[in-house]
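Results of the structural survey
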Amino acid sequence: AQSVTQLDSHVSVSEGTPVLLRCNYSSSYSPSLFWYVQHPNKGLQLLLKYTSAATLVKGINGFEAEFKKSETSFHLTKPSAHMSDAAEYFCVVRAPNTGNQFYFGTGTSLTVIP
Amino acid sequence: DAEITQSPRHKITETGRQVTLACHQTWNHNNMFWYRQDLGHGLRLIHYSYGVQDTNKGEVSDGYSVSRSNTEDLPLTLESAASSQTSVYFCASRATANTEAFFGQGTRLTVV
């Protein structure tokens, strides 16, 4: 079975400080993993994806994530938060043994304090 | 530019009415999906299609149906709207099983 757990439903950081959004996954097979961002009243936009190549993945807007198989984690980080980063973030797993369906975490709401 | 569009963006309907939400993509993607987004649940899969005339049930398909008569469109129909179907609905498409998905802007549906 596949599942995704986002460990924090809300994260608040000050502008200019690091961001860490945590994601753990469960998958019977080698999964592909994604982070999507959703700004208020907008659709979901792909931030980055891991598909079995380099374990450290760089995405848009300075975000990156590291795939750690031993820890079944795919945490999203950014060295310095910007006000425009305030949004909802979703960790997603795509598992080949279930027709490559996407399984979404429940989301983490990021607040950036000026 | 290719895109995926949903209409309407907002809809209020009464309990028991039939409602259809439109999804149209111009990428010529084979795979299309409908999700609903509710607080505390993330996005949950309602129905999906891997090509014309192909439709499949997702995790929360009860009370919903879809049809795929062409590549570009996957309309979602609520046969008899219920208050439990008040939600934000997202359509998505992808070229193949191994590519990323692109999402529409969402449709906020309120059933009163």
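The structure this text deals with has already been given above.
Worth saying up front: this structure is predicted, and the values here are computed from it rather than measured.

Conventions and cut-offs
- Residues numbered from 1 in each chain as written.
- Chains lettered and ligands numbered in written order.
- Predicted model: local features only at pLDDT ≥ 70, side-chain atom pairs only at ≥ 80, totals over all residues.
- Heavy atoms only, no water.
- Helix = DSSP H or I, 4+ residues; strand = E, 2+ residues; numbered from the N terminus.
- Rg over C-alpha atoms; globule rule 2.2 N^0.38 Å.
- Buried < 20%, exposed > 50% of the residue type's maximum accessible area, 1.4 Å probe, protein only.
- Contact = heavy atoms within 4.5 Å.
- Salt bridge = Lys/Arg side-chain N within 4 Å of Asp/Glu carboxyl O.
- Nonpolar A, V, L, I, M, F, W, Y, C, P; charged D, E, K, R; others polar.
- Disulfide = S-S within 2.5 Å.
- Polar contact = N/O pair within 3.5 Å; in protein donor to acceptor, adjacent residues only side chain to side chain.
- Pairing = 2+ DSSP bridges.
- Axes fitted to C-alpha atoms, helices over the stretch in contact; angles between N-to-C directions.

1. A closer look at the overall build of chain B
When helices and strands are counted, chain B shows zero helices and eleven strands. Each helix and strand of chain B, ordered N terminal to C terminal, gives the series β-β-β-β-β-β-β-β-β-β-β. Its C-alpha atoms give chain B a radius of gyration of 13 Å, within 12% of the compact-globule value 13 Å for 112 residues. Based on the C-alpha atoms only, the size of chain B along its principal axes is roughly 35 × 25 × 25 Å. Of all 112 residues assigned to chain B, the portion counted as buried reaches 47%. For chain B, the share of sequence-separated contacts (at least 6 apart) that also reach a separation of at least 24 residues comes to 53%.

2. Section: the interface of chain A and chain B
Residue-level contacts link 18 residues of chain A with 22 residues of chain B. For the pair chain A and chain B, the number of links is one salt bridge. Between Lys49(A) and Glu100(B) there is a salt bridge, with the nearest N and O atoms lying 3.7 Å from each other. Of all the elements in the fold, those that place two or more residues in the side of chain A that touches chain B are strand 5 (32-38), strand 6 (44-50), strand 10 (87-95) and strand 11 (101-104) of chain A. Its residues assigned to classes, the side of chain A that touches chain B shows seven nonpolar, eight polar and three charged.

3. What about the state of the cysteines?
Applying the stated criterion across every chain, the model contains two disulfides over all chains. The residue that forms a disulfide with Cys23(A) is Cys91(A), at a sulfur-sulfur distance of 2.0 Å. Taking the torsion about the sulfur-sulfur bond, which here is approximately -70°, the covalent link between Cys23(A) and Cys91(A) counts as left-handed. Within this pair, whereas Cys23(A) is found in strand 4 (residues 23-26), its partner Cys91(A) is found in strand 10, the two being separated by 68 residues in sequence. For Cys23(A), a relative accessible area of 0% puts it in the buried group. Residue Cys91(A) is classed as buried on the basis of its relative accessible area of 0%. The disulfide partner of Cys23(B) is Cys91(B), and the gap between their sulfur atoms is 1.8 Å. Here Cys23(B) and Cys91(B) share a disulfide; its torsion about the S-S bond, -75°, makes the bridge left-handed. You can see Cys23(B) sitting in strand 3 (residues 19-25) and its partner Cys91(B) sitting in strand 9 (residues 87-94), a full 68 residues away along the chain. Accessibility classification places Cys23(B) together with Cys91(B) in one group, the buried group.

4. Looking at the environment of Gln38(A)
The residue Gln38(A) is located in strand 5 in this model. Overall, the relative accessible area of 11% leaves Gln38(A) in the buried class. With 47 residues separating them along the chain, Gln38(A) and Asp85(A) place their C-alpha atoms 9.9 Å apart. Dropping the residues within four chain positions of it, Gln38(A) is found in contact with Gly43(A), Leu44(A), Ala87(A), Glu88(A), Phe90(A), Gln37(B) and Phe90(B). Side chain to side chain, Gln38(A) and Gln37(B) meet in a polar contact 3.0 Å long.

5. Side note on the side chain of Ser73(A)
Relative to the assigned elements, Ser73(A) resides in strand 9 (residues 73-78). If we ignore the near neighbours within four places in the chain, the residues touching Ser73(A) are Cys23(A), Asn24(A), Tyr25(A), Glu66(A), Phe67(A) and Lys68(A).

6. Structural notes on the sheet that holds strand 8 (residues 76-78) of chain B
Residue and element names in this part refer to chain B. The antiparallel open sheet is built from four strands, whose spatial order is 1-3-8-7. In the strand order of this sheet, the two ends are held by strand 1 (4-7) and strand 7 (64-66), each with one partner. Here the strands of the sheet are splayed against their neighbours by 20° on average, with no regard to which way each runs. Where strand 3 and strand 8 come together, three bridges link them in antiparallel fashion. Of the residues in strand 8, the one forming a bridge with Val19 is Leu78.

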